[in-house]
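Fold and contact review
So the chains spell out like this:
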Amino acid sequence: MWLKPEEILLKNAFKLWVTEKGNDYFVLQRRRGYGEGAGGLTGLLVGTLDTMLDSTSKVAPFRILHQTPDSQVYWSIACGGTKEEISQHWEWLEKNIMRTLSVFDSSDDITSFVQGKIRGLIAEEGKVSCGQEDDPEKFREALLRFEKWFDLPQKEKLVTYYSCSYWRGRVPCQGWLYLSTNFLSFYSYLLGSEVKLVISWNEIWRLEKTSNVILAESIHVLANGEDHFFSMFLHLNETFLIMEQLADYSIKRLFDKETFQEVPSLSDPLQITKRGLEMHARNEQFRAFFRLPKEENLMEVYESFLWVPFSHFNTLGKICLSESYLCFASQDGSQCHVIIPMREKPDRSSRALTVCVRGKRALRFSEVRDFERLANAIRRRCGITASPQHSASTEVTCVNCTFSLGVSNFAVNYGHLENLGKYQIGWSFSFQKCLCLNTLLKEKMKEQSWNIHFSEYGRGTSMFCTKKTRDLIVRGVPEALRGELWMLFSGAVNDMATNPGYYSELVDQSLGTSTLATDEIERDLHRSLPEHPAFQSDTGISALRRVLTAYAYRNPKIGYCQAMNILTSVLLLYAKEEEAFWLLVAICERMLPDYFNRRIIGALVDQAVFEELIRMHLTQLTEHMTDLSFFSSVSLSWFLTLFISVLPIESAVNVVDCFFYDGIKAILQLGLAVLDYNMEGLISSNDDAEAVTILNKFFDNVTNKDSPLPQTVQQNSVGNNNKASSLLKVDISDLIKEAYEKFGDMKSEEVESMRKRNKLYVIQTLEDTTKQNVVSGISSDFIKFSASQLDDLYALFKRQHFLSCYWTMNSPVLLHHDPSLAYLEQYQLGFEQFSLLFSLLEPWSLCSGKDAFFLWAFRLLDENQDGLINFREFCCALDILYSGTLTNKLKFLFKLHQPPGKITSHCIRNVVHYVFSGYQAQFIQFSKTLYNLFHGDPEEESLYHAVARVTSLLLRMEEVGRRLQEPASPLKSTTSHTQALLEGCLPDGEASSTPESSFNTPNTPITLVASSVPQEIEWSFAFEQILASLLNEPVLVRFFERPVDIPARLDHAKEKAFTHWPDNFNCML
């Protein structure tokens, strides 16, 4: 165990201790009387002494000391009861500390660093052993330090914390890393030097584990163009996984606007916990591995042996239990796995469990650890009644008892065709008649191989999936079994069994709807495999329309995306209409997440993974083509359509076979194999166009010699390229086999890790592109901000937008989010966030009435009255206030004070005149706003006098205008009354009957009592009257024409954005 560093003297200690290992900074010692060489008088005395001491006074037989070369002082830092225990500590020091100490210049710095690191490890061990829930006092202390050091809003939820070192250049700073819902924070205070770091998760571009000469293993964070390295974690992998999960949660919540309604542990950002994140990650991994519906969650895990009948031995693995499924995976995850749906309630439990399924096959689990708990869990979760179309009652026999479970048995007979709604359309064109004898024999041989496999490994959901299954997939699936196996391997069979009748309801509900998605679907219907006879008639087109429209209705977030029509067309060739729908669900929502949306983020992420794999496996190609972005643009259609758009249809279906079994790994492998096959041609190509031509010719010459499709379909899909026909033909089975042999060693876990590592970079790159598009679009709107200033404004606006999402799921920007909107509308601000940002950027220092001023400005900018303003509207307002002319600035202020619907304008000789139509209260408030603008100005007193003169003149003009309009019945003068109200707004003793009354204390806030204003009196002013009155006051003209230091205002806003929170911020949230 690690010890609190304490100084010890070694003057007489060497008589009691023997040094076994040592270096310049650490010494590992063994106490005499223990281990080898325990004999001798000294060893006997030490052993006797230790035996006589009680347990609290005994000394551990092994210890590690810290020293420096130029010091005689030693510090005890670790002890152990066994050599194995102390050796682990020694190895950790050599791996994580030794390389670091060489960067320090003095012995004192080395000792201070080692002591701080050891104290951090002790605290870390205490936290891990107790846990947050078991030791709330430690977590409460950490929370108090977190709130004190970083001054974040109280709503920010601390998830966990770790002891580590943060590297500033080549010098590490020992401190604490705090991981909260929205921020990564680090604090260190050592030798009078304070280091404080706060990074938003949504600002991170890279998050990865790295290692180099100095750092054995560290976590690299790239944010805002700066690299940050954290190392010397006691549990680095655990820390990295939590950071990865928090970053992914932030990306989904802030960029994709997910609300996590189906994940209670993540639905409230104020209640996020480490345990909740770990549970969510575990559930996602469980569902992805077994291809289960999204409603399934991993409840319990048991170690067990499973009797494998085809191998005649027990294989060690784990039973994974969810609400509706009992799953088993062997220890390495590759030998075999099996899924058992639970449908009916069991009676009893026993130590051994034998599951009997259709075909007189049994799955026998033995040596189940904590068997009683497993049996009780099965009782609780087996109460779901099976759909009679997709499951059959089977028996589970135990020692001394028997109980029933339902197991899905998906074995469909495709020989009889009744109607389109129940059978796949591809076979309705009787392709069997087109088969030659040789092809027919090959199909029969394939079917026979699979039948043998079914007899040994089972059929349906409970079938064992093994290496032999993958071998059969690689060789090609027979046409008659393709739909069944696609449903099985994708997990769509479980989705359909869980939701009987769901598709029919969707079809009925979506029938006749007219949306943007349905319009796009109608446009692409006849572009979907037009060469195939199945889609040359209304039968196939109608089925395709129903499936795509039903899915767009089910998932409006995706709706419809190009390439979905191509995929669905192929699915309909081999699966029934309802099955094709569930296969599409499995592809879009589970197997290819984020592929089919407006930004196709998932496809771009997998292309980044593909580039990384090219660098790893095709080094010769990498050396020739340093810029691999070319392959990203070329391979986009490969990923989006699973090679269907580039390969002949009879070859592409073999790729789809592999995809449904191995997921995206199969597509990545095949992509590498294609490039490897064409390596020589790609290296010798002179430009990108020539490389594209090489790949296109290659795809045109990929054939499937075992395909039973009609000759017309094959000819149309290949094309009439004479040059291509002269090239060497490549059989798709051989290409897939080569892909598995050369690149099949990559694991699905590694692919998922690479996906997560690249996702942040891809999203931030897209965000950067979006910013450039928005900024360039606004620059063309005659706004006077420079490009760099617009960049800064966009960053501030976007950050403020995220603030509205940080601590709540009910903000206006989330409730009104529409992913179909243009880029400019994706980031918007509600009133609270607008007020916070506008207060940092407005050019004047309002002394009072800020809230009302911000509310009027927000109301004026919100043109569509949806309670949100976009970036263009915000920039237009600031551009007027920063760089607008005197007339434009006054016009902006003039419009602010008009009630909704009261701003009227009319045109005289092509000049627009704005007319003030309102009550005395609006005019008085307009005057008060002018007074408040001058707070702190060097000419403050003169400005107050000038405004007084202007208001007095305007009042007289309004009264004269009224008398001229109604000469027969002159109105009672309101000038004196309004003048009195204006003077009453001033501090006591400051009022005067003349406009020249002085204002000696302008800082006093101006208040207006609404009841004192005669609201029944309506006034009318022309903007030109106000402008003319103000132009007569040079001091006012100078004030409004004074240039604004825009860079200074932006720097001020950037500095205050995250360092100073408004006093009422937590109340606003």
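For clarity, every value in this text was computed on a predicted model and none was experimentally measured.

Look at helix α28 (residues 748-779) against helix α34 (residues 871-883): their axes get within 11 Å of each other, and the N-to-C directions meet at 45°. The orientation of α28 with respect to α34, classified from their angle, is oblique. Note that α28 runs across α34; the crossing there is right-handed. Along its contact with α28, which presents Val774, Gly777 and Ile778, the element α34 presents Phe871, Arg872 and Cys875. Taken together, the residues that form the contact of α28 with α34 break down as four nonpolar, one polar and one charged.

Taken as a whole and assessed by the stated rule, the structure comprises 53 aromatic pairs. Residues tryptophan 486 and tyrosine 574 carry aromatic rings whose centres are separated by 5.4 Å and whose planes lie at 70° to one another, so their mutual orientation is edge-to-face. Linking tryptophan 486 in helix α11 (residues 479-490) with tyrosine 574 in helix α16 (residues 564-574), this pair joins segments that are 88 residues apart in sequence. For the pair formed by tryptophan 486 and tyrosine 574, the shared burial category is buried. Ring geometry for phenylalanine 489 against tyrosine 661: centres 4.9 Å apart, planes inclined by 85°, an arrangement best described as edge-to-face. Residue phenylalanine 489 is found in helix α11, and its partner tyrosine 661 is found in helix α21 (residues 649-662); the two are separated by 172 residues along the sequence. On the basis of relative accessibility, which here comes to 7%, the residue phenylalanine 489 falls in the buried class.

Let us look at the environment of valine 950. For valine 950, the location among the structural elements is in helix α37 (residues 940-965). Spatially, the C-alpha atom of valine 950 lies 9.5 Å from that of alanine 1028, the residues being 78 residues apart in sequence. When sequence neighbours within four positions are dropped, the list of residues in contact with valine 950 reads Ser1029, Leu1030, Glu1033 and Leu1036.

Bringing the sheet that holds strand β4 (residues 62-66) into the picture now. Pairing between the strands of a sheet comes from backbone hydrogen bonds, and it takes one of two forms, parallel or antiparallel. Strands sit in the order β1-β5-β4-β3-β2 across an open sheet of five strands; the sheet is antiparallel. Edge positions in the sheet fall to β1 (2-8) and β2 (17-22), since each of these pairs with one other strand and no more. Strand-to-strand twist of the sheet, defined as the mean angle between neighbouring strand axes without regard to direction, takes the value 30°. With four bridges joining them, β1 and strand β5 (residues 74-80) adopt antiparallel strand pairing. Paired with glutamate 7 across the strands is tryptophan 75, a residue of β5.

As a further point, take the pairing of strand β7 (residues 171-180). Most of β7 sits inside the fold, with nine of its ten residues counted as buried. Note: strand β6 (residues 158-168) against β7, ten bridges, orientation antiparallel. Across the sheet, the residue bridging to tyrosine 162 is leucine 177, located in β7. If you look at the hairpin formed by β6 and β7, you'll find two residues sitting between the two strands, and glycine 169 has a positive phi there, around 70°. Pairing of β7 with strand β8 (residues 183-190), which is carried by four bridges, proceeds in the antiparallel orientation. Within the sheet, the bridge partner assigned to tyrosine 178 lies in β8 and is serine 185. Counted along the chain from β7 to the antiparallel partner β8, the turn is two residues long.

It is worth spelling out the pattern of salt bridges at this point. Within this structure, the stated rule accounts for 36 salt bridges. Between arginine 470 and aspartate 662 there is a salt bridge, and its shortest N-O distance comes to 2.9 Å. Here aspartate 662 lies in helix α21 and arginine 470 lies in helix α10 (residues 467-475), a separation of 192 residues in the sequence. Residue class for arginine 470 comes out partly exposed when judged on its relative accessible area of 24%.

Take a nonpolar patch on the surface next. Residues Leu437, Leu440 and Leu441 make up a contiguous nonpolar surface patch of roughly 290 Å² in combined accessible area. When you line up the elements, leucine 437 lands in helix α9 (residues 437-457). Judged by its relative accessible area of 62%, leucine 437 is exposed.

Where helix α15 (residues 538-554) contacts helix α17 (residues 577-591), the axes come no closer than 10 Å and their chain directions differ by 45°. Relative to α17, α15 is oriented oblique. The hand of the α15/α17 crossing is right-handed. On α17, the residues touching Ala543, Arg546, Val547, Leu548, Ala550, Tyr551 and Arg554 of α15 are Glu577, Ala580, Phe581, Trp582, Leu584, Val585, Cys588 and Glu589. Looking at the contact of α15 with α17, its residues break down into eleven nonpolar, no polar and four charged.

Glancing now at helix α41 (residues 1046-1056). For α41, every residue scored as buried is listed here: Ile1046, Leu1050 and Ala1053. Projected down its long axis, α41 shows its buried positions confined to an angular sector of 60°, all on one face.

On to the nonpolar core, then. Among the nonpolar cores identified, the biggest contains 127 residues, and Phe489, Met564, Phe596, Trp638, Phe660 and Leu675 are the most heavily contacted of them. For this core, the element with the highest residue contribution is α17, accounting for ten residues. Core analysis: the second largest hydrophobic core is formed by 123 residues, Phe150, Cys173, Leu760 and Leu861 among them.

Averaged over the chain, the pLDDT score is 77; the fraction of residues at 70 or greater is 73%. Per-residue pLDDT stays below 50 along residues 714-725; that stretch engages in 15 contacts with residues further than four places along the chain or on separate chains. The low-confidence segment residues 986-1016 (pLDDT under 50) makes 58 contacts with residues lying over four places distant or belonging to another chain.

Quick look at the side chain of arginine 755 now. Residue position: arginine 755 is located in helix α28. Taking the relative accessible area as the measure of exposure, arginine 755 reaches 11% and is therefore buried. A polar contact of 3.1 Å, which involves the side chain of arginine 755, links it to the side chain of glutamate 752. Not counting chain neighbours up to four residues away, the residues in contact with arginine 755 comprise Met591, Leu592, Pro593, Val605, Asp606, Val609 and Ile664.

Turning our eyes to something else, we now look at the sheet that holds β8. Read across the open sheet, the seven strands follow the order β9-β8-β7-β6-β12-β11-β10; overall the sheet is antiparallel. What marks the edges here is a single partner per strand, and that holds for β9 (193-200) and β10 (204-210). Sheet twist, expressed as the average angle between the axes of neighbouring strands with direction ignored, equals 30°. Alignment of β10 against strand β11 (residues 218-223), held across six bridges, turns out to be antiparallel. Across the sheet, residue arginine 206 finds its bridge partner in β11, namely leucine 222. Where helix α5 (residues 136-150) meets the sheet, it contacts β6, β7, β8 and β9, and its direction lies at approximately 60° from that of β6.

With 17 residues, α15 ought to run about 24 Å at 1.5 Å a step, and its terminal C-alpha atoms sit 24 Å apart, in line with that. All of the buried residues in α15 are Gly540, Ile541, Ser542, Ala543, Leu544, Val547, Leu548, Thr549, Ala550, Tyr551 and Ala552. Against the buried residues of α15 lie α13 (502-510), α14 (516-524), α16 and α17.

Here the focus is the environment of lysine 21. Mapped onto the elements of the fold, lysine 21 is located in strand β2. Among the residues examined, lysine 21 registers a relative accessible area of 39% and is labelled partly exposed. Residues within four places of lysine 21 in sequence aside, it is in contact with Phe26, Val27, Leu28 and Trp90.

Parameters at a glance
What you see as residue numbers is a count from 1 along each chain, following the sequence as written. Local features in a predicted model are, by the rule used here, given only for residues with pLDDT of at least 70; side-chain atom pairs are given and counted only at 80 or more, and totals for whole chains, interfaces and linings are based on all residues. Computation of side-chain values covers all heavy atoms of the structure but excludes hydrogens and water. For helices, the fitted axis covers only the stretch in contact; all axes are lines through C-alpha atoms, and the angles between them, taken along N-to-C directions, range from 0 to 180 degrees. Every helix listed is a DSSP run of H or I at least four residues long, and every strand listed is a run of E at least two residues long, numbered separately from the N terminus. An angle below 35 degrees is treated as roughly parallel, one above 145 as roughly antiparallel, one from 65 to 115 as roughly perpendicular, and anything else as oblique. Each helix crossing is assigned a hand: it is left-handed if the near helix lies turned anticlockwise from the far helix by less than a right angle, otherwise right-handed if that turn is clockwise. Contact criterion: two residues are considered in contact whenever any of their non-hydrogen atoms come within 4.5 Å of each other. All residues other than Ala, Val, Leu, Ile, Met, Phe, Trp, Tyr, Cys, Pro, Asp, Glu, Lys and Arg, Gly among them, are scored as polar; the first ten of these are nonpolar and the last four charged. Note on ring pairs: Phe, Tyr and Trp rings are taken, using the six-membered ring of Trp, and paired if centres are within 6.5 Å. Classes follow the plane angle, with under 30 degrees stacked, over 60 edge-to-face and the rest tilted. Think of it in three bands: residues with accessible area under 20% of the maximum for their type are buried, residues over 50% are exposed, and the middle band is partly exposed, with areas taken using a 1.4 Å probe on protein chains only. Strand pairing is assigned whenever DSSP identifies at least 2 bridges connecting the two strands. Only one rule defines a salt bridge in this text: a Lys or Arg side-chain nitrogen within 4 Å of an Asp or Glu carboxyl oxygen. For patches, a residue must show more than 30% relative accessible area and have no salt bridge; joins then use 9 Å for like charges and 5 Å for nonpolar side chains, namely Val, Leu, Ile, Met, Phe, Trp and Tyr. Computed by Shrake-Rupley with a 1.4 Å probe, the accessible areas treat only the displayed protein chains as cover when residues are assessed. As used here, the arc belongs to the directions running from the helix axis to the C-beta atoms. Each nonpolar core is a collection of buried residues, namely Ala, Val, Leu, Ile, Met, Phe, Trp, Tyr and Cys, held together in the definition by side-chain atoms within 4.5 Å. pLDDT: the predictor's confidence for each residue, scored from 0 to 100. Polar contact is defined as a pair of N or O atoms within 3.5 Å, subject to the rule that within protein one atom must be able to donate a hydrogen and the other to accept it, and that residues adjacent in sequence are counted only when both atoms are side-chain atoms. Expected span of a helix: the number of residues minus one, times 1.5 Å.

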